[in-house]
Amino acid sequence: MAAASSNIQPSAGIGLKAEHYRSILEQKPALGFFEIHAENYMGAGGPPHRYLSAIRESYPISLHGVGLSIGGPGPLDRGHLARLKSLVTRYEPDLFSEHLAWSTHETGYLSDLLPLPYTGATLERVCSHIAETQDFLGTQLLLENPSSYLSFEESSYAEADFIAEIVRRTGCGLLLDVNNIFVSAQNLGTSPMAYIDAYPLSHVREIHLAGQDVITEETGQAVLIDAHGTEVADAVWDLYAAVIARTGPLPTLIERDNNVPPLEDLLAEARRADRVLNRMRQAA
Amino acid sequence: MQEVEFHRAVADWSAHLPHPRMRIYRNNVSAALVNALKVRFPVTEQLVGREFFFAMAREYASANKPKSAVLIEYGAGFPDFIRAFAPAAAVPYLADVAALENLWWRAYHAEDVPCLAADALSSVAPEQWGSLRFVFHPSAAVMQSAHAVGSIWLAHHGGPPMNAIRTGLPEFIVVARPRDEVILRVISPASFVFLDALARGNSLADAIELAQLHYPDFDIGTQITGLLSLHLLQGYTS
């Protein structure tokens, strides 16, 4: 599948939060794009759609799904695909992304991005789900790498190799979450740079940066949580610069879903991302 | 760790955790569902406090997973769960406050369609009014409660404070969202009987007759003006 044509420049954007709707329309801050969680706009009507329509007039939109369950064992929910399609039609997003994860179970929707083992069988089903999604929506899907707290014994692929194979088979693009690389590497005792070395970087179309939490296990071991509730950590900014040095400038999202601060704080982090991107342009 | 084992442990919160770190995933799921309920039922939470609400919401979420990834739709059954939740019995109005918050939430996310204009009936010949039936706006709802839940809700949104409310008195409420703002009003018992009859599809004449049967001083002119100013209607059929 051909890469989606994008009006999103390789600059920073932020996640669109209801708390900021009014400030955004009043201030019209300089920003590359807004990213929305698709599921938050699956209600029939009301203020969320009104504000999004108004903001869409001034900014490109990146549509980020969290509930499609691409990695799940069951078939994709066609109703959910239809809801995504109507958002694609209505808001004409420049980028569309989803996760290498599952969330739908026979008991219902489990509201997290849950991990899957990396095997020949899971590769088949993920590829088939991505192909189905791209066909149905008529747009390229950018697949996001997960944050991990543990790994499956049954996995026979390394994550980066698994993702590279998905790209090769489906023609999807990638959304590289740099915080997730950092969190997973810390939790699984692996090297973030080795992950980046193995990762199919030439297919990355967007970057995510987010804050993390740390908890201490009973064993005394520190575990990083992909919590999206704080500023981006300095170590993640360093890793981001290392990624951008290899990929060149890419649209970069500051993700904040919990403890949402004033708009100005997110714009300050977006400017920091823009400075990294500009340094890279000057160095090139 | 096997995939099937993992699925079971995240879906069933009483199941054995095959690995201690699985608790992180289970907590993420539970925190997201509890948070969805906090967002939908903020007054309910304020009435019982964070800790009580968290425990109650987690118990609901443990047994009631969302049917889809659209969390906007999650929690419609929470008021009924509260009604049967023994520890909440000390707050007799809690379930009805939650039911009212459900109506607010549905109004907020309802389809955007224009309301019937205030002068919409001027083109209808007076002799035809009796046979009119109304289509209610997708955001509109009427509710009755054995408790003063409209006043309780308003007390948490800048209205007269809780200590000024006799919570044990019945109340009748309408909710609608004509444009951006959800409007919530306490109405008279007579208005409720009238509006509820219309909402059930009765003709205007039948709704008036029913209201007058229960409330002999029911004033038709005032009620019809009120009906249109409450923005409850989308259209009518004659």
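Residues numbered from 1 in each chain as written. Chains lettered and ligands numbered in written order. Predicted model: local features only at pLDDT ≥ 70, side-chain atom pairs only at ≥ 80, totals over all residues. Heavy atoms only, no water.

A. Region of the structure containing the overall build of chain A. A tally of regular secondary structure across chain A gives nine helices and twelve strands. Relative to a compact globule of 284 residues, whose C-alpha radius of gyration would be 19 Å, chain A shows 18 Å and is just as compact. The principal-axis extent of the C-alpha atoms belonging to chain A is close to 50 × 40 × 40 Å. Buried positions account for 59% of the 284 residues belonging to chain A. Across chain A, the fraction of contacts at a sequence separation of at least 24, relative to all contacts at a separation of at least 6, is 79%. Accessible surface, chain A: about 11,100 Å² in total, of which carbon and sulfur atoms supply 49%. (Helix = DSSP H or I, 4+ residues; strand = E, 2+ residues; numbered from the N terminus. Rg over C-alpha atoms; globule rule 2.2 N^0.38 Å. Buried < 20%, exposed > 50% of the residue type's maximum accessible area, 1.4 Å probe, protein only. Contact = heavy atoms within 4.5 Å. Areas by Shrake-Rupley, 256 points an atom, 1.4 Å probe, with all protein chains shown as cover.)

B. Focus on the overall build of chain B. Scanning chain B from terminus to terminus reveals ten helices and five strands. Here the C-alpha coordinates of chain B stretch approximately 75 × 40 × 30 Å along the principal axes. Evaluated residue by residue, chain B yields a buried proportion of 50% over its 238 residues. Taking all contacts inside chain B whose residues are at least 6 apart in sequence as the whole, residues at least 24 apart take part in 63%. Only carbon and sulfur atoms are counted for the fraction: they give 54% of the accessible area of chain B, which is about 11,400 Å². Of the side chains in chain B, 18 bear a positive and 22 a negative charge, and the two mean positions are spaced by 11 Å. (Lys, Arg positive; Asp, Glu negative; His and termini not counted. Charge placed at Lys NZ, Arg CZ, Asp CG, Glu CD.)

C. Region of the structure containing the pairing of strand S4 (residues 183–187) of chain B. Residue and element names in this part refer to chain B. As judged from the five bridges shared by strand S3 (residues 171–176) and S4, these two strands associate in the antiparallel manner. Bridge pairing in S4 places Phe 172 opposite Ile 187. Between S3 and S4, which follow one another and run antiparallel, lie six residues. (Pairing = 2+ DSSP bridges.)

D. Quick look at the nonpolar core. Counting residues in hydrophobic clusters, the biggest one holds 115 residues, and the most contacted among them are Ile 166, Ile 207 and Tyr 240 of chain A together with Phe 78 of chain B. In this structure Phe 78 of chain B touches Leu 37, Phe 41, Phe 53, Met 56, Ala 57 and Tyr 60 of chain B, once residues within four positions along its chain are discounted. Formed by 31 residues, the second largest nonpolar core is a distinct cluster that contains Ala 120, Leu 204, Ala 211 and Leu 233 of chain B. (Core = buried A, V, L, I, M, F, W, Y, C linked by side-chain atoms within 4.5 Å.)

E. Structural context of the sheet that holds strand S7 (residues 142–144) of chain A. Residue and element names in this part refer to chain A. Around the barrel, which closes on itself, the eight strands sit in the order S1-S2-S3-S4-S7-S8-S9-S12 with parallel pairing between neighbours. Recorded for the sheet is a direction-independent mean angle of 25 degrees between the axes of neighbouring strands. Direction of pairing for strand S9 (residues 204–210) relative to strand S12 (residues 252–255): parallel, over a ladder of four bridges. The residue of S12 that forms the bridge with Ala 210 is Glu 255. Docked against the sheet, helix H8 (residues 234–247) engages strand S8 (173–177), S9 and S12, running at close to 170 degrees with respect to S9. (Axes fitted to C-alpha atoms, helices over the stretch in contact; angles between N-to-C directions.)

F. Region of the structure containing the interface of chain A and chain B. Taken together, the contact between chain A and chain B spans 44 residues of the former and 32 residues of the latter. Counting the surface lost from both chain A and chain B, the interface buries some 3,300 Å², and carbon and sulfur atoms represent 58% of this. Here chain A and chain B share four salt bridges between them. A salt bridge links Glu 3 of chain B to Arg 125 of chain A, with the nearest nitrogen and oxygen atoms 2.3 Å apart. At the boundary of chain A and chain B, one finds 16 residue pairs in polar contact (both at pLDDT 80 or more). Of all elements in the fold, only helix H2 (47–56), helix H3 (78–91), strand S5 (102–105), strand S6 (108–114), helix H4 (120–137) and strand S11 (222–225) of chain A reach the threshold of two or more residues within the side of chain A that touches chain B. Class assignment of the residues belonging to the side of chain A that touches chain B gives a composition of 19 nonpolar, 16 polar and nine charged. (Buried area = accessible area lost by both parts, 1.4 Å probe. Salt bridge = Lys/Arg side-chain N within 4 Å of Asp/Glu carboxyl O. Polar contact = N/O pair within 3.5 Å; in protein donor to acceptor, adjacent residues only side chain to side chain. Nonpolar A, V, L, I, M, F, W, Y, C, P; charged D, E, K, R; others polar.)

G. Representation of the packing of aromatic side chains within the structure. All names here are of chain B. This model, assessed by the stated rule, comprises 21 aromatic pairs over all chains. Pairing Phe 53 with Phe 78 gives two aromatic rings, centres 5.8 Å apart and planes at 80 degrees, and the pair type is edge-to-face. With a gap of 25 residues between them, Phe 53 in helix H4 (residues 50–63) and Phe 78 in helix H5 (residues 78–83) connect regions that are remote in the sequence. Given a relative accessible area of 0%, Phe 53 falls into the buried group. Here Phe 78 falls in the buried class, since its relative accessible area comes to 0%. Ring pairs connect the aromatic residues Phe 41, Phe 52, Phe 53, Tyr 60, Tyr 74, Phe 78, Phe 81 and Phe 85, which therefore count as one cluster. (Phe/Tyr/Trp six-rings, centres within 6.5 Å; stacked < 30°, edge-to-face > 60°.)

H. Up close: the domain arrangement of chain B. According to the domain assignment, chain B contains domain 1 (1–91) and domain 2 (112–238). Here domain 1 of chain B and domain 2 of chain B have C-alpha centroids that lie 35 Å from each other. (Domains from an automatic or database assignment.)

I. Structural context of the sheet that holds S4 of chain B. Residue and element names in this part refer to chain B. Spatial strand order, S2-S3-S4: three strands in an open sheet with antiparallel pairing. Of all the strands in the sheet, just strand S2 (141–145) and S4 have a single pairing partner and so form its edges. Neighbour-to-neighbour, the strand axes of this sheet turn through a mean angle of 25 degrees, independent of strand direction. Pairing analysis gives five bridges linking S2 to S3, with the strands arranged antiparallel. Looking at the pairing, Met 143 lines up with Ile 173 of S3. Where helix H8 (residues 189–199) meets the sheet, it contacts S2, S3 and S4, and its direction lies at approximately 135 degrees from that of S2.

J. The environment of Gln 212 of chain A, seen in detail. Residues and elements named next belong to chain A. If you trace the backbone, Gln 212 turns up in the loop between S9 and strand S10 (213–216). Measuring from C-alpha to C-alpha, the distance between Gln 212 and Ala 227 comes to 5.1 Å, with 15 residues separating the pair along the chain. Within the local environment of Gln 212, its side chain forms a polar contact with the side chain of Asn 179, the two groups lying 2.7 Å apart.

K. Broad picture of unusual backbone geometry. Of note, Lys 28 of chain A is a non-glycine position whose phi angle comes to about 40 degrees, a positive value. Phi is positive for His 231 of chain B, which is not a glycine, with a value near 60 degrees. Its place among the elements puts His 231 of chain B in the loop between helix H10 (220–229) and strand S5 (233–237). We classify His 231 of chain B as partly exposed; its relative accessible area is 29%.

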